[in-house]
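What the coordinates show
Here are the chains, one letter per residue:
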Amino acid sequence: MSTLSERFSRLRGFAAGTIGSFGSRLGELAPEPADLAAMRRNPRQDLLAGLTVAVVALPLALAFGVASGLGAQAGLVTAVIAGIVASVFGGSNLQVSGPTGAMTVVLVPVVHAHGAAGVLMVGVMAGIVLIAMAMARFGGYVRFLPVPVIEGFTAGIAVVIALQQVPAALGITDVSGDRVWRSAADAVGQFAHHPHITPLVVALAVAALMLVGARWKPGIPFSLIGVIAVTIVGRVFDLKLAPLGHLPASLPAPSIDFIDLGAVGSLIPPALAVAALAALESLLCATVADGMSVNERHDPDRELFGQGMANVVVPVFGGVAATAALARTAVNVRAGARSRLAAITHSVVLVVVIFAAAPLVSDIPLAALAGVLFATCVRMIEAGSIRTLMRATRSDALIVALTFTVTVAVDLVTAVGVGVGVAVILALREVARSARLEVVSLEAGDHSAEEHALLSEHIVAYRLDGPLFFAAAHRVLLELPDIADVQIVILRMSRVTTIDATGAQVLGDAITKLEHRGITVMLSGITERHHDVLAALGVAQKLRREGLVFPGTPEAIAHARDLLALPATTKNTDV
């Protein structure tokens, strides 16, 4: 028995090793000297790109801040802080982070249930989860999310964001409803009783300007032009449009007063949802940015780490949860950005706007920002991709439709869970259908002619093709006990791609039933992977003891003939 000193020594060694591994992993995720070197190569181009992105980001940051329920200031703070922190610590040279529409979908219910402090807590908790995901190297797994699920919930998010803006577009400030579609319906009902057409015209005009302008001159920031024009016209003609409201002329002081450890339990579900959404949006956005650029390859784990750091820091300044934004990142790439300096510049420009133009920004009509988000929603929906998926297979169409419907009717997290769950079930069904059990055919070079001749000798060889797992095993293997007029069955396993516990157990049951009928069973072509599963469940151990497991089919055939050549009494003794 070890002494207390020895136990303490082992514990200390384990702790030192764990801390060392943790520190090593943090070192892998930390900013690299190459990042700074890249920022020095073409600073002029990056500065111009950052200025361009800031012009596009300003109305979006304001709009998403309002949509989140924490106000325009929270949106600006998020764009500034996340833009800097995520670019410094992230895994992409071209990403631009900030508030996004998808995040508002998750955060609005948190505001209603827990207030502003709950939203800030959710941001910090989501940031910690993202950092843990980066440490655990989860970055590469996002590619396994099915495309129909992504397209379905993206379209659903667009509809939810549009529904969120219906009250502002109709000039309605007091609505009720626990779902966005109910709130939108209540706003429409109030508007029908007391119509005020000006806000609706403003919203639709800004949206139309953005959509038409983007097709005409994609490089011009029509969102900002539309917002400025509507603000000026509203003041000149006194259109009585509800304004954005007071916007402080400085960044708020950092504070952690919102932290309430007692609320952690109730905030875990939305925090996990925010973390999952941030990971998904950021990594998909980084992949798109790589495709739009030359020789750019993001580090997915570093990107998760950067988004985690941003979400930990942003709430301290009163901002909402953030992630990489595809619209701003695309503008950044098209504007010629080459390094992280562009995203940092975009944040600095927004800070200047806060300090220099806060009174002017405060007069922006809410209806104008609703129009900005209407146009953003239209751009989010990839109609061509959705049409392609709907025509591809019935399974893809079902997943898209189901994910979209649940996103709008229930919530995003449930929608992703349902979409992925159905996709997995349908995929398993297709894989299971690929598994086959067949008597070997007469193909040259496959021992088939010889094996076919064995049928007259009461020997049959079956070939198992494909995966032998829980979804396929019963359908494939339960046919075996029904065979008649056979004394020996050879199961060829070399083409079994995978086998799980269910497959192994059903295989064992089939072998037992055949043996109870006096049929000798042999196995051939078992690989090392098959052997591990079979051995763990005790399948085929009896066959191994009796010498009925062979590396190849020819050996099994030869032994089968030898057994049939023996006198009956001898066979009964051996088998």
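Look above for the structure.
This one's a predicted model, so the numbers in the text were calculated from it and none came from an experiment. (Residues numbered from 1 in each chain as written. Predicted model: local features only at pLDDT ≥ 70, side-chain atom pairs only at ≥ 80, totals over all residues. Heavy atoms only, no water.)

**A look at the overall build of the chain**
- Secondary structure summary: the chain contains 24 helices and eight strands in total.
- A total of 575 residues make up the chain; the buried ones form 48% of that total.
- Restricting the contact set of the chain to residue pairs at least 6 apart, pairs at least 24 apart contribute 82%.
- For the chain, the accessible surface area stands at approximately 26,800 Å², while carbon and sulfur atoms represent 64% of it. (Helix = DSSP H or I, 4+ residues; strand = E, 2+ residues; numbered from the N terminus. Buried < 20%, exposed > 50% of the residue type's maximum accessible area, 1.4 Å probe, protein only. Contact = heavy atoms within 4.5 Å. Areas by Shrake-Rupley, 256 points an atom, 1.4 Å probe, with all protein chains shown as cover.)

**A few points about the pattern of salt bridges**
- For the structure on display, the rule yields eleven salt bridges.
- In this structure, the salt-bridge partner of D35 is R302, at a minimum N-O distance of 3.0 Å. You can see D35 sitting in helix α2 (residues 33-39) and its partner R302 sitting in helix α11 (residues 300-313), a full 267 residues away along the chain. Across the pair, exposure class does not vary: D35 and R302 are buried alike.
- Between E546 and K542 there is a salt bridge whose closest N-O contact spans 3.0 Å.
- E546 gets classed as partly exposed once you look at its relative accessible area, which sits at 27%.
- Taken together, the shared-partner salt bridges connect R25, E28, R137 and D301 into one network. (Salt bridge = Lys/Arg side-chain N within 4 Å of Asp/Glu carboxyl O.)

**Details of the packing of helix α6 (residues 147-170) against helix α8 (residues 197-216)**
- Contact geometry of α6 with α8 gives a least axis separation of 7 Å together with a crossing angle of 130°. Taken together, α6 and α8 sit at an angle that is classed as oblique. Residues A168, A169 and L170 of α6 form the contact with α8, whose participating residues are P199, L200 and A203.
- Grouping the constituent residues of the contact of α6 with α8 by class yields six nonpolar, no polar and no charged. (Axes fitted to C-alpha atoms, helices over the stretch in contact; angles between N-to-C directions. Parallel < 35°, antiparallel > 145°, perpendicular 65-115°, else oblique. Nonpolar A, V, L, I, M, F, W, Y, C, P; charged D, E, K, R; others polar.)

**Regarding the environment of A37**
- In this fold, A37 is placed in helix α2.
- Residue A37 is classed as partly exposed on the basis of its relative accessible area of 34%.
- Once the C-alpha coordinates of A37 and S339 are considered, the two residues, 302 residues apart in sequence, prove to be 9.2 Å apart.

**Description of the packing of aromatic side chains**
- Enumeration over the complete set of coordinates arrives at two aromatic pairs.
- Ring centres of F89 and F305 lie 6.2 Å apart, and the angle between their planes is 70°; this geometry places the pair in the edge-to-face category. Taken as a pair, F89 in helix α4 (residues 72-89) and F305 in helix α11 lie far apart in primary sequence, 216 residues in all.
- Look at W216 and F222: their rings are 6.2 Å apart centre to centre, the planes differ by 45°, and that puts the pair in the tilted class.
- Classification of W216 by relative accessible area gives exposed; the value is 60%.
- Across from the ring centre of W216, 5.9 Å away, lies the NZ or CZ of K217, which sits over that ring. (Phe/Tyr/Trp six-rings, centres within 6.5 Å; stacked < 30°, edge-to-face > 60°. Lys NZ or Arg CZ within 6 Å of the ring centre and 35° of its normal.)

**Re the environment of L60**
- The topology assignment puts L60 in helix α3 (residues 43-68).
- Under the relative-accessibility criterion, L60 is labelled buried at 7%.
- The spacing of L60 and S223 is 163 residues in sequence and 8.5 Å in space, taken between C-alpha atoms.
- Other than its neighbours up to four places away in sequence, L60 contacts R328, V372 and T376.

**So, the pairing of strand β4 (residues 459-468)**
- Among the ten residues in β4, ten count as buried, and that is most of the element.
- One ladder, built from five bridges, connects β4 with strand β5 (residues 488-492); its direction is parallel. Within the sheet, the bridge partner assigned to V460 lies in β5 and is V489.
- Sheet analysis places β4 next to strand β6 (residues 496-499), joined by two bridges and oriented parallel. Paired with L468 across the two strands is I499, which belongs to β6. (Pairing = 2+ DSSP bridges.)

**Some remarks on the nonpolar core**
- Grouped together as the largest cluster of nonpolar side chains are 106 residues, with contacts concentrated most on L62, L76, L107, F153, V274 and V361.
- Looking at which element gives the most residues to this core, the answer is helix α5 (residues 101-135), with 19 residues.
- Among residues more than four places away in sequence, those in contact with L76 are L58, A61, L62, L247, L350 and I354.
- Core analysis: the second largest hydrophobic core is formed by 34 residues, V496, I526, L534 and A560 among them. (Core = buried A, V, L, I, M, F, W, Y, C linked by side-chain atoms within 4.5 Å.)

**Considerations on the side chain of D290**
- Relative to the assigned elements, D290 resides in helix α10 (residues 264-292).
- This buried residue, D290, is left without a salt bridge; R297 holds the nearest opposite charge, at 4.9 Å.
- In this structure the side chain of D290 is engaged in a polar contact, spanning 2.6 Å, whose partner is the side chain of H298.
- Excluding anything up to four places from it in sequence, D290 contacts E296, R297 and H298. (Lys, Arg positive; Asp, Glu negative; His and termini not counted. Polar contact = N/O pair within 3.5 Å; in protein donor to acceptor, adjacent residues only side chain to side chain.)

**What about the packing of α4 against helix α13 (residues 341-362)?**
- Interaxial distance between α4 and α13 falls to 8 Å at its minimum, and their mutual angle equals 155°. In terms of their interaxial angle, α4 and α13 are classed as roughly antiparallel. You can see that α4 and α13 cross each other, and the crossing is left-handed. Contacts between α4 and α13 involve L76, A79, V80, G83, I84, S87 and V88 on the former and, on the latter, A343, I344, H346, S347, L350, V351 and I354.
- Residue classes in the contact of α4 with α13 are distributed as ten nonpolar, four polar and no charged. (Left-handed = near helix turned anticlockwise from the far one by under 90°.)

**With respect to a nonpolar patch on the surface**
- Taken together, the side chains of I228, I232, V233, V236 and F237 define a hydrophobic patch exposed on the protein surface, amounting to about 490 Å² of accessible area.
- By secondary structure assignment, the location of V233 is in helix α9 (residues 222-237). (Patch = residues over 30% accessible without salt bridge, like charges linked within 9 Å, V, L, I, M, F, W, Y side chains within 5 Å.)

**Thoughts on unusual backbone geometry**
- Of note in the backbone geometry, R137 takes a positive phi value of approximately 60° without being a glycine.
- Tracing the backbone shows R137 in the loop between α5 and α6.
- Residue class for R137 comes out partly exposed when judged on its relative accessible area of 46%.
- The backbone of K240 shows a phi angle near 55°, a positive value even though the residue is not glycine.
- Turning to its location among the elements, K240 is positioned in the loop between α9 and α10.
- Here K240 falls in the exposed class, since its relative accessible area comes to 62%.

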